[in-house]
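# Notes for the structure review
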Amino acid sequence: MGLNTDLTEAQKRALKENADDVEQFQRQLDELHKKARSRLESVGLVTGGLDTINCLVCIACEGWETGDDGKCANCPHTFFSHNII
């Protein structure tokens, strides 16, 4: 299927349903991020400045090394555990 191929109604519907699912997941992820950050702020681990803990599940990383997406290169947590916004 080329880029200029007309989509069938079924294909359009499938793409719309996928987009709707991704949008719903993004809202849930945003809410989870907000709650996690709020918890860390309430106990003084995040101050809102640029120097904040990047992993939402780590307390601190003694061996911090800058890695992909601004997370610690040594962090064992999965991609979705981190502040990815």
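As shown above, the structure is provided for reference.
Anyway, here's the lowdown on the structure attached to this text. (Residues numbered from 1 in each chain as written. Predicted model: local features only at pLDDT ≥ 70, side-chain atom pairs only at ≥ 80, totals over all residues. Heavy atoms only, no water.)

## Quick notes on the overall build of the protein chain
A count of helical and extended segments in the protein chain gives 1 helix and 0 strands. Residues counted as buried form 19% of the 85 residues belonging to the protein chain. Taking the intrachain contacts of the protein chain between residues at least 6 apart in sequence as the baseline, contacts between residues at least 24 apart amount to 27%. Accessible area of the protein chain: about 6900 Å², with a carbon and sulfur share of 54%. (Helix = DSSP H or I, 4+ residues; strand = E, 2+ residues; numbered from the N terminus. Buried < 20%, exposed > 50% of the residue type's maximum accessible area, 1.4 Å probe, protein only. Contact = heavy atoms within 4.5 Å. Areas by Shrake-Rupley, 256 points an atom, 1.4 Å probe, with all protein chains shown as cover.)

## Describing the pattern of salt bridges
Side chains carrying opposite charge are able to pair once their charged atoms draw close together. Taken as a whole and assessed by the stated rule, the structure comprises 3 salt bridges. Here Glu9 ties to Lys12 by a salt bridge, and the two come within 3.6 Å at their closest N and O atoms. On the criterion of helical spacing, the pair formed by Glu9 and Lys12 is a turn pair, its members being 3 residues apart in helix α1 (residues 9-42). In this structure Lys12 comes out as partly exposed when scored by relative accessible area, which is 41%. A salt bridge links Glu23 to Arg27, with the nearest nitrogen and oxygen atoms 3.0 Å apart. With Glu23 and Arg27 both in helix α1, this residue pair falls 4 residues apart, about one helical turn. Residue classification places Glu23 among the partly exposed positions, given a relative accessible area of 47%. (Salt bridge = Lys/Arg side-chain N within 4 Å of Asp/Glu carboxyl O.)

## Some remarks on α1
Here α1 is 34 residues long and its end C-alpha atoms lie 49 Å apart, about the 50 Å a rise of 1.5 Å per residue gives. After α1 finishes, the residue Gly44 shows a positive phi value of roughly 80 degrees. (Expected span 1.5 Å × (residues − 1).)

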